[in-house]
Number of protein chains: 2
Amino acid sequence: MTALDRAALSPAEARALFRGGLVTPTAGWSSGFTQANLIIVPKEQAFDVLLFAERNPKPCPILGVLEAGQTTGPLLAGGDIRTDVGRYTVYENGVLVAEPTDLTAWWRDDLVTFIVGCSFTFEAALQQAGIPIAHIEQGRNVPMYRTNRRCASAGSMAGPLVVSMRPIRADRVADAARITARYPAVHGAPVHSGDPADLGIRDLASPDFGDAVTVPDGFVPVFWACGVTPQAAVMESRPPLAIGHAPGHMLITDARDSDYLVP
Amino acid sequence: MTALDRAALSPAEARALFRGGLVTPTAGWSSGFTQANLIIVPKEQAFDVLLFAERNPKPCPILGVLEAGQTTGPLLAGGDIRTDVGRYTVYENGVLVAEPTDLTAWWRDDLVTFIVGCSFTFEAALQQAGIPIAHIEQGRNVPMYRTNRRCASAGSMAGPLVVSMRPIRADRVADAARITARYPAVHGAPVHSGDPADLGIRDLASPDFGDAVTVPDGFVPVFWACGVTPQAAVMESRPPLAIGHAPGHMLITDARDSDYLVP
């Protein structure tokens, strides 16, 4: 499938492909529609996860919640949260135990699904402003890094801020900040620009999630809060069961990116 | 105590007075500091309350959460949530059973406290723009009304939107909307102006909470979402125990109104 095809798919068409077994990162898919992170936990842990998101809105912007046992909702009309993402991650006691392409075997009626904003939402706006997105151009998954910054904890949930990185030409860093600041519900403005070491990132070529991308001369690594952050907290806080999306393999929702644009 | 005295008190001084037994509505107190609504429920119901707030951010903006058993926090440094509000409301199975001035006898270690934004926060900004606040000038509690609009429900939590009303001179309604829109975290812009019947309010002179105020000729009743909304949902959803502040008797926090002002 060409990039053009992927971009032109409706969210329902895209979800149907993933439901059918396709496994691929979703950057560039269903242009104009909002992609989202997932974090799924038993009801017992759901308050801590929601409070963690409330206290850390920049990395964990909640776009929607499916209550205990619900498998669909307005963000994925006609869809099924158990099948409509290309690949999932399953954690037991904080340890990754499986990366299934279908959650049917793992599903329980007490599971609560949090649909969390993703920085893919503002990538189209960056591109339209003439700011290229390296990982899309290089056909890779966005690089993501654990940082040395701690999130505000909530009950059992504690962990580091996770960031995504995009190389931006030095004379466009301000534009990238300005444009993404207009999307506060999907991570908003960058948290950092230019000095990976200050975030505790030793080697940009070795991301903790996703793929490395080239940072050409004259480009600055710019970092945005990342919706993988709640997964990192889940790994640290070790609930009996937690499920996420595989990083870069997002839920493609029926919401439009423009729904999250502020004046 | 004169209005000037009340306005000049620090939040800690004001809380100490209420802790000492004073009972009076708090409009006009501790000028420049943020007043807040309370809703306190057992951990068992806390996820539903937080999700209800998440889904209804306009009436239920969360400023802070004290986790199970916590009685103080950064919004009330050195204070105690069980004593520092003038009057509380206690609901058992949705029925108001007590209005104590102290929660010590009701406290349990599984209680979670939600500190919810209040429209008092933007009243100083309205006054500074030359828009008088009737209930302050008339020495009354702000009038609040249940409406015919339903909130988005969450688990066991469902209920009507509750609004506060301020009469605004017709040529200042647009200014009042513009000014309060800059405080999105404390109810923001009005939800309605000028037609109480459209909200299902039959008689402005009979508010469901607080006191009636006079609406002079040439003034329009303007309605803002109100932080009593979660209490109305608690009454409808009938959890075994829930505690709020008595309407108009707010928690005076250490946050500044300007903390919630956006550009």
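Here the structure is a predicted model, which is why all the values come from computation and not from measurement. (Residues numbered from 1 in each chain as written. Chains lettered and ligands numbered in written order. Predicted model: local features only at pLDDT ≥ 70, side-chain atom pairs only at ≥ 80, totals over all residues. Heavy atoms only, no water.)

**What to know about the overall build of chain A**
Inclusion rule: Note on conventions: DSSP H or I runs of at least 4 residues are helices, E runs of at least 2 residues are strands, and numbering of each starts at the N terminus. Atoms counted for the radius of gyration: C-alpha only. Globule rule: 2.2 Å times residue count to the power 0.38. The criterion used for residue contact is that any of the two residues' heavy atoms lie within 4.5 Å. Accessibility throughout is a Shrake-Rupley quantity obtained with a 1.4 Å probe, and a residue counts as covered only by protein chains that appear here. Counting rule for charge: Lys and Arg are taken as positive, Asp and Glu as negative, and neither His nor the chain ends is counted. For charged residues, the charge sits on one atom: NZ in Lys, CZ in Arg, CG in Asp, CD in Glu.
Along chain A, the regular secondary structure elements total seven helices and 11 strands. A globule of 263 residues ought to have a C-alpha radius of gyration of about 18 Å, and chain A, at 17 Å, matches this closely. Here the C-alpha coordinates of chain A stretch approximately 50 × 40 × 35 Å along the principal axes. Looking at chain A alone, contacts between residues at least 24 apart form 76% of all its contacts between residues at least 6 apart. When the accessible surface of chain A is totalled, it reaches about 10000 Å², and 50% of it is carbon and sulfur. When the 21 positive and 27 negative side-chain charges of chain A are each reduced to one mean point, those points stand 3 Å apart.

**Describing the nonpolar core**
What counts is decided by this rule: The set of buried Ala, Val, Leu, Ile, Met, Phe, Trp, Tyr and Cys residues whose side-chain atoms join them within 4.5 Å is what this entry labels a nonpolar core. Think of it in three bands: residues with accessible area under 20% of the maximum for their type are buried, residues over 50% are exposed, and the middle band is partly exposed, with areas taken using a 1.4 Å probe on protein chains only.
Formed by 90 residues in total, the largest nonpolar core has its most connected members in Phe 47, Phe 114 and Phe 223 of chain A together with Phe 47, Phe 114 and Phe 223 of chain B. Ignoring sequence-local partners within four residues, the contact set of Phe 223 of chain B consists of Tyr 145, Val 163, Ser 164, Met 165, Pro 190, Val 191, His 192, Gly 194, Pro 196, Leu 199, Ile 201 and Leu 204 of chain B.

**Some remarks on the pattern of salt bridges**
When charged atoms on two side chains of opposite charge get close, those side chains can pair. Our working rule: Note on definitions: salt bridges are taken to be side-chain nitrogens of Lys or Arg within 4 Å of carboxyl oxygens of Asp or Glu.
Taken as a whole and assessed by the stated rule, the structure comprises 24 salt bridges over all chains. For Asp 254 of chain A, the salt bridge is made with Arg 15 of chain A, and the minimal N-O distance between the two is 3.0 Å. Placement of Asp 254 of chain A in strand β11 (residues 251-256) and of Arg 15 of chain A in helix α2 (residues 11-19) is noted, with a sequence separation of 239 residues between them. The buried category is assigned to Arg 15 of chain A, whose relative accessible area is 1%. Across the salt bridge formed by Arg 178 of chain B and Asp 175 of chain B, the nearest N and O atoms sit 3.5 Å from each other.

**Digging into the sheet that holds strand β8 (residues 192-193) of chain A**
Residues and elements named next belong to chain A. Convention followed: At least two bridges found by DSSP between two strands are what make those strands a pair. Axis lines are fitted through C-alpha atoms, for helices just across the contact stretch, and the angle between N-to-C directions can take any value from 0 to 180 degrees.
Here four strands make up an open sheet; going across it, the order is β6-β7-β9-β8 and the pairing antiparallel. The sheet is open, and its two edges are formed by β6 (144-150) and β8, each paired on a single side. Here four bridges tie β6 to strand β7 (residues 160-169), and the two strands are oriented antiparallel to one another. The residue bridging Arg 150 from the neighbouring strand is Pro 160, located in β7. Strand contacts of helix α6 (residues 173-181): β7, β8 and β9 (219-225), with the helix running at about 20 degrees to β9, the strand carrying the most contacts. Lying on the sheet, helix α7 (residues 229-237) is in contact with β6 and β7; it crosses β7 at an angle near 145 degrees.

**Considerations on the environment of Leu 103 of chain B**
Residues and elements named next belong to chain B. Assignment of secondary structure puts Leu 103 in the loop between β4 (95-98) and β5 (111-117). Judged by its relative accessible area of 0%, Leu 103 falls in the buried class. Remark: the alpha-carbon pair of Leu 103 and Arg 146, spanning 43 residues in sequence, is separated by 26 Å. Residues in contact with Leu 103, not counting those within four places in the same chain, are Ile 40, Ile 81, Arg 82, Tyr 88, Val 90 and Ile 243.

**Notes on the domain arrangement of chain A**
All names here are of chain A. Counted only if it meets this: These domain boundaries are the output of an automatic or database domain assignment. Buried area counts how much accessible surface, traced with a 1.4 Å probe, disappears from two parts once they are put together, with both parts' losses summed.
When its domains are assigned, chain A resolves into domain 1 (3-118 + 237-257) and domain 2 (120-225). Measuring from the centre of the C-alpha atoms in domain 1 to the corresponding centre in domain 2 gives 21 Å. Both faces considered, domain 1 and domain 2 share a buried interface measuring about 2100 Å² in area, 64% of it formed by carbon and sulfur atoms. At the junction of domain 1 and domain 2, the tally comes to zero salt bridges.

**So, the pairing of strand β9 (residues 219-225) of chain B**
Residues and elements named next belong to chain B. The buried fraction of β9 amounts to five of the seven residues, a majority that puts the element mostly inside the structure. Here seven bridges tie strand β7 (residues 160-169) to β9, and the two strands are oriented antiparallel to one another. Bridge assignment links Ile 168 to a residue of β9, and that residue is Val 220. Bridge count for strand β8 (residues 192-193) against β9 is two bridges, and the pairing is antiparallel. Residue pairing across strands places Ser 193 opposite Val 222, the latter belonging to β9.

**Points about the packing of helix α3 (residues 43-55) of chain A against helix α3 (residues 43-55) of chain B**
Stated precisely, the cut-off is as follows: An angle below 35 degrees is read as roughly parallel, one above 145 as roughly antiparallel, one from 65 to 115 as roughly perpendicular, and any other as oblique. Crossings are assigned a handedness: left-handed for a near helix turned anticlockwise from the far helix by less than a right angle, right-handed for a clockwise turn.
Direction vectors running N to C along α3 of chain A and α3 of chain B enclose 40 degrees, while the axes themselves pass 9 Å from each other. In terms of orientation, α3 of chain A and α3 of chain B fall into the oblique class. Helix-helix and strand crossings are classified by hand; for α3 of chain A and α3 of chain B the assignment is left-handed. Contacts from Lys 43, Ala 46, Phe 47, Asp 48, Leu 50, Leu 51 and Glu 54 of chain A of α3 of chain A reach α3 of chain B at Lys 43, Ala 46, Phe 47, Asp 48, Leu 50, Leu 51 and Glu 54 of chain B.

**Considerations on the sheet that holds β7 of chain B**
Residue and element names in this part refer to chain B. In spatial order, the strands read β6-β7-β9-β8; together these four strands make up an open sheet with antiparallel pairing. The open sheet is flanked by β6 (144-150) and β8, the only strands paired with a single partner. The sheet strands contacting helix α6 (residues 173-181) are β7, β8 and β9, and the helix crosses β9 at an angle near 20 degrees. Packed onto the sheet, helix α7 (residues 229-237) meets β6 and β7 and runs at close to 145 degrees relative to β7.

**Side note on the relation of the copies chain B and chain A**
As a reminder of what qualifies: A residue counts toward the fit only if its pLDDT is at least 70 in both copies, and the copies are then superposed by least squares on the C-alpha atoms of those residues.
Each copy of the sequence occupies a distinct position, and chain B is placed on chain A by a rotation of 180 degrees and an axial shift of 0.0 Å, giving an RMSD of 0.0 Å. The superposition of one copy onto the other is thereby described by a two-fold rotation axis. Within chain B, Phe 47 of chain B has its C-alpha nearest the rotation axis, a separation of 2.3 Å.

**Notes on the packing of aromatic side chains**
Residue and element names in this part refer to chain A. Stated precisely, the cut-off is as follows: Think of it this way: a Phe, Tyr or Trp ring, Trp meaning its six-membered ring, pairs with another when their centres are within 6.5 Å, and the plane angle makes it stacked under 30 degrees, edge-to-face over 60, tilted otherwise.
As enumerated under the stated definition, the model contains eight aromatic pairs over all chains in all. Each ring, one from Phe 18 and one from Trp 29, has its centre 4.9 Å from the other, and the planes form 40 degrees; the classification is tilted. Highlighted residues: Phe 18 in helix α2 and Trp 29 in the loop between α2 and β1 (33-42), separated in sequence by 11 residues. Of the two residues, Phe 18 and Trp 29, both sit in the buried class.

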